[in-house]
Amino acid sequence: MSIGTLSFSHLTTGQQLAIKYYSVAVILFAAQVLFGLLAGLQYLRPDFLYEVLDFSVNRMVHVNAMVVWMLYGFMGAIFWLVEEEAGVELVGAKLANLGFWVLTAAVTVVVLVYLFVQIGPGTMESLWFINEGREYIEAPRWADIGIVICLLIFFYNISATFMKGKWSGISGVLVLDLVAVAGLYLAGMFYITNTSVEQYWWWWVIHMWVEATWEVLVGCIMAWGLIKTLGASRKIVTTWLYIEVALMLGSGILGLGHHYFWIGTPEYWFTVGGFFSALEPVPLVAMVVHAVYDSGVHRFKNSNHPALAWFIAHAFGNFFGAGVFGFMHTLPQINLYTHGSQWSSSHGHLAFFGAYATINIAMFYMGIQKWRGDVYMSANIAHSWRWKWALSLLCLGMTGMTIALLISGYEQSFIERALGGATWAAYFEAQQTAWYVQGMVWRQIWGYVFASGLVLLIWDLLTIGKGDTRPMLLPEPAEH
Amino acid sequence: METVWWASEDLWRKVAIWITAFMTVVLIVLTYDSLHAITAGGESGRVKAYSVINNRVYYKFDKERNLPVPVIGDSAPLFGKTLTEDEAYALVTKGKITTHAKNCMGCHTFLGNGAYYAPDLTKSWLDPAWGSEGVREELMVTFLKDPETNARGFGSDRKMPNLNITDEEAHAIVAYLKWLSTIDTNGFPRNFTPISQEGDR
Ligand code: HEM
Ligand code: HEM
Ligand SMILES: [Fe+2]
């Protein structure tokens, strides 16, 4: 097939699977934003969809769609690079395809049950078949088991392919990391009455995913991406990856303690959690240095402009969202006032977007380029305003939302916590202050900006490179 | 080009492995210790036995720790019934499962974790808005069964929806919330002003 037209014949087996994963990821991304907007609107108009789609339902769909689309994106990205990295064809392709369809069917059923059944009576059956009622991992138990089976199939495909072909530094880190990602999920799969113990394990999944194993995973994808788009030297990139793993896990594993200040756990977590989590920004700074340095060395000459722009957005977004906004509330003296307020939401949004949405979008652009037969995607592509505006609107929208939420969070910690004594009445007093309400209004406005950026992004992903017959510009190999 | 020793791939691979292994071991050791410290009814007293719902719960300022700590008072059985530890466990469990099945965490926080659309429930049992000790239990049950008619909002239009909570479930939730309020949270939420109770000083 010719350059500029979509064809699966341009892709390897693993890459064809990746496109399927990416497609579902984009659909769920759109769903995430839609339900986020509904939930945000309910802050402004509490009657909106009251007892039809309550806040709790919209929020659950919002955050679950996020977790699932990002996992889909990561799985897609790994299928994308596995064959090139291993030098052989994907092992167990039929099984991998089956895994995709089973997982997608399960996700569809889970979402339909969330929307139409919503809640159940107070029995274990509700947790098995409707929802588990634990933020981020609400998926009912049957789906948990399904997810683990699909992850095992995925793990088999990836590790068997590397085993058959060759290993590299990147693939070694990647496969070990996948074991940890899947293993940690098990910590979120049982019911416990003792809330302190329950939340202890709950954070093993949430924190250890986003601040340890997912960070390592995107480190691998980033390493591969820099080699691909810029022609960075593999040796240097791999060394950087090891340094980042050492710093990230060296701080992130015990950084877990920043969630153990107030859940009943002993006071030594103040010291352990405060100290190690305060170090977590260090690897994120290293990543920025790495990405910018490599781009500079190659004078930004690269094979895929939108992808590289999103890789760089990832480096900065990770640094600001996780590093700066995480650091702000990670010391116990501050967290005492900000814990569980809009302040947390502010950080949560910028961190998830900055660290994980960005790099997924970069990989989507890598995908579309090859799907169109390694079409040209460097300087002077047609309609390049689309990807530039999509990038700007998404980043601007998210920055605006984050600042608006921070202002609300500041007001909430001040009025509800510091002055009000954190009672039911004090909660509502804070919710109605002018600054808080303004923050909620502006979050919604910036949310619409974000949503318009997403529409543009999807349009661009569907059309970029269409009809362009120039071949991809090959990156120049590193001089150093 | 020769790489200097401190920039070698091999060195950093080893560093990454050793650091990760070391931190994991430390975490496992601390986890053993913490799980021991937060066992319900454990000797550290941080998380109380479920039968604590038979007693009054106060908060007292601990000068040494410089924060308010839970103090268990004399007998004040929930709904007038003294329960054994097993019965109390069963009741609290029923309440906790109900909070999962109705996804309370989709609007509220427990121990500060969850959603921010509604008040934190860590100490809702001690919230002064329930008025007086004598009417609190029944008010809570009534509210949970029909939060729409019994809405407060304190000037806001935000209401909790009706979640089809049965009488039995509502009683169990109150038991769970009472037990939850006895966890030693190192002073979170700060400055909490509890409802006035008999025996307060
Ligand atoms: C990409 C990495 C990260 C992501 C995606 C992320 C995301 C989140 C999210 C969503 C929450 C809210 C959890 C909840 O629902 O209760 C949270 C909480 C928190 N994060 Fe992060 N985070 C990241 C990195 C960091 C880093 C590096 C730090 C510290 C330097 C940090 C510090 C915190 C703290 C202290 C909380 C607790 C907030 C509270 O007490 O309510 N995070 N994070
Ligand atoms: C585009 C418009 C969006 C709107 C209006 C929106 C709105 C919301 C709302 C209302 C909540 C509930 C917070 C609460 O309990 O008060 C929420 C939670 C959350 N959203 Fe969004 N959202 C949007 C986009 C996003 C995006 C793009 C991401 C990440 C990629 C994201 C990640 C999260 C996370 C992690 C939480 C949980 C935060 C926590 O518990 O601290 N949202 N969002
Ligand atoms: Fe964390």
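The structure presented is a predicted model; accordingly, all values stated were derived computationally and were not measured.

Description of the nonpolar core
Counting 176 residues, the largest nonpolar core has Trp214(A), Tyr365(A) and Trp179(B) as the members making the most contacts within it. For this core, the leading source of residues is helix α7 (residues 195–230) of chain A, giving 24 residues. For this core, the two domains that each supply at least three residues are domain 1 (5–38) and domain 2 (50–200) of chain B. Ignoring any residue separated from it by four or fewer positions in sequence, one finds Trp214(A) in contact with Val67(A), Met70(A), Leu71(A), Phe74(A), Val181(A), Trp209(A), Phe352(A) and Tyr356(A).

So, helix α9 (residues 268–279) of chain A
In this model α9(A) runs 17 Å from its N-terminal to its C-terminal C-alpha over twelve residues, within 8% of the 16 Å that 1.5 Å per residue would give. Among all positions of α9(A), only Trp269(A), Val272(A), Gly273(A), Gly274(A), Phe276(A) and Ser277(A) are buried. Tucked inside the fold, the buried residues of α9(A) contact α7, α8 (234–255), α10 (281–297) and α12 (332–338) of chain A together with α1 (9–37) of chain B.

Remarks on the site of ligand 2
Every one of the 29 residues lining ligand 2 counts as a neighbour, but Tyr43(A), His62(A), Glu135(A), His349(A) and Tyr116(B) are closest to it. Neighbouring residues of ligand 2 are distributed over chains A and B. At 3.5 Å, a side-chain N or O of Gln32(A) approaches a nitrogen atom of ligand 2. Taking His62(A), its side chain carries an N or O atom lying 2.7 Å from a nitrogen atom of ligand 2. At the level of secondary structure, the elements contributing two or more residues to the shell around ligand 2 comprise α1 (13–44), α2 (55–86), α13 (342–371), α14 (384–419) and α16 (434–463) of chain A. Considering each element in turn, the shell around ligand 2 owes the most residues, seven residues, to α1(A). The residue makeup of the shell around ligand 2, split by class, is 16 nonpolar, ten polar and three charged.

Some remarks on the domain arrangement of chain B
One can read the domain layout of chain B as domain 1 (5–38) and domain 2 (50–200). Look at where the C-alpha atoms of domain 1 of chain B and domain 2 of chain B centre, and you get two points 39 Å apart.

Details of the pairing of strand β1 (residues 55–62) of chain B
All names here are of chain B. Pairing between β1 and strand β2 (residues 67–75): seven bridges, direction antiparallel. The partner of Tyr 59 across the bridge, within β2, is Pro 70. In this antiparallel pair of consecutive strands, β1 and β2, the connection spans four residues, and Asn 66 shows a positive phi of 60 degrees.

Regarding the state of the cysteines
In this structure the tally under the stated criterion is zero disulfides over all chains. With no disulfide of its own, Cys107(B) has Cys104(B) as its nearest cysteine by sulfur position, at a separation of 8.6 Å.

Considering the interface of chain B and chain A
Contacts between the two partners involve 85 residues from chain B and, on the opposite side, 84 residues from chain A. Interface area for chain B against chain A, summed over the two sides, is near 7,300 Å², with a carbon-plus-sulfur share of 62%. Inspection of the chain B/chain A interface yields two salt bridges. Residue Glu267(A) is joined to Arg65(B) by a salt bridge in which the shortest nitrogen-to-oxygen separation is 2.6 Å. Linking chain B with chain A are 40 residue pairs in polar contact (both at pLDDT 80 or more).

Looking at empty space enclosed by the protein
Going through the model one piece at a time under the given rule, you end up with nine cavities of 30 Å³ or more. In this structure, the second largest cavity spans a volume of roughly 540 Å³. Along its surface, the second largest cavity is lined by 33 residues, and His108(B), Ala118(B), Leu121(B), Phe143(B) and Met160(B) are the ones closest to its centre. If you list the elements that add at least two residues to the lining of the second largest cavity, you get α15 (424–431) of chain A together with α3 (133–145) and α4 (167–180) of chain B. Element by element, the count of residues in the lining of the second largest cavity is highest for α3(B), at three residues. Looking at the lining of the second largest cavity residue by residue, the class counts come to 21 nonpolar, six polar and six charged.

So, the coordination of the iron atom of ligand 1
Only one protein atom coordinates the iron atom of ligand 1: His347(A) (NE2), located 2.0 Å from the metal. Structurally, His347(A) can be placed in helix α13.

Observations regarding the site of ligand 1
Residue and element names in this part refer to chain A. Around ligand 1 lies a shell of 27 residues, among which Tyr 136, His 339, Gly 340, Ser 344 and His 347 are the nearest. In the model, a nitrogen atom of ligand 1 is placed 3.5 Å from a nitrogen or oxygen of the Glu 211 side chain. Between Ser 344 and ligand 1, the recorded distance is 2.7 Å, taken from a side-chain N or O atom to an oxygen atom. Among the elements of the structure, α7, α11 (305–328) and α13 are those that each provide at least two residues to the shell around ligand 1. At seven residues, α13 tops the list of elements feeding residues into the shell around ligand 1. For the shell around ligand 1, a count of residues per class yields ten nonpolar, 13 polar and four charged.

Observations regarding the packing of aromatic side chains
Under the defined criterion, the tally for this structure stands at 51 aromatic pairs over all chains. Here Trp69(A) and Phe364(A) contribute two aromatic rings whose centre-to-centre distance is 6.5 Å and whose plane-to-plane angle is 45 degrees, an arrangement assigned as tilted. Of this pair, Trp69(A) sits in helix α2 while Phe364(A) is found in helix α13, placing the two residues 295 residues apart along the sequence. Phe364(A) shares its class with Trp69(A); the two are buried. Between Tyr136(A) and Trp202(A), the aromatic rings sit 6.3 Å apart at their centres with planes inclined by 20 degrees, giving stacked as the arrangement. Within this pair, whereas Tyr136(A) is found in the loop between α4 (124–129) and α5 (141–164), its partner Trp202(A) is found in helix α7, the two being separated by 66 residues in sequence. Trp202(A) gets classed as buried once you look at its relative accessible area, which sits at 1%. Each residue in the set Tyr22(A), Phe29(A), Trp69(A), Trp80(A), Trp310(A), Phe353(A), Phe364(A) and Phe450(A) is aromatic and connected to the rest through ring pairs, giving one cluster. Sitting over the ring of Tyr116(B), Arg59(A) keeps its end group 5.5 Å from the ring centre.

Cut-off values and rules
- Residues numbered from 1 in each chain as written.
- Chains lettered and ligands numbered in written order.
- Predicted model: local features only at pLDDT ≥ 70, side-chain atom pairs only at ≥ 80, totals over all residues.
- Heavy atoms only, no water.
- Core = buried A, V, L, I, M, F, W, Y, C linked by side-chain atoms within 4.5 Å.
- Buried < 20%, exposed > 50% of the residue type's maximum accessible area, 1.4 Å probe, protein only.
- Helix = DSSP H or I, 4+ residues; strand = E, 2+ residues; numbered from the N terminus.
- Domains from an automatic or database assignment.
- Contact = heavy atoms within 4.5 Å.
- Expected span 1.5 Å × (residues − 1).
- Near = heavy atom within 4 Å.
- Polar contact = N/O pair within 3.5 Å; in protein donor to acceptor, adjacent residues only side chain to side chain.
- Nonpolar A, V, L, I, M, F, W, Y, C, P; charged D, E, K, R; others polar.
- Pairing = 2+ DSSP bridges.
- Disulfide = S-S within 2.5 Å.
- Buried area = accessible area lost by both parts, 1.4 Å probe.
- Salt bridge = Lys/Arg side-chain N within 4 Å of Asp/Glu carboxyl O.
- 1 Å grid on protein atoms, 1.4 Å probe; cavity = no way out; pocket = protein on both sides within 12 Å on 5 of 7 lines; lining within 4 Å.
- Points joined across faces, edges and corners; volume = space filled by probe spheres on them.
- Donors = N, O, S within 2.8 Å, 3.2 Å for Na, K, Ca; no water.
- Phe/Tyr/Trp six-rings, centres within 6.5 Å; stacked < 30°, edge-to-face > 60°.
- Lys NZ or Arg CZ within 6 Å of the ring centre and 35° of its normal.

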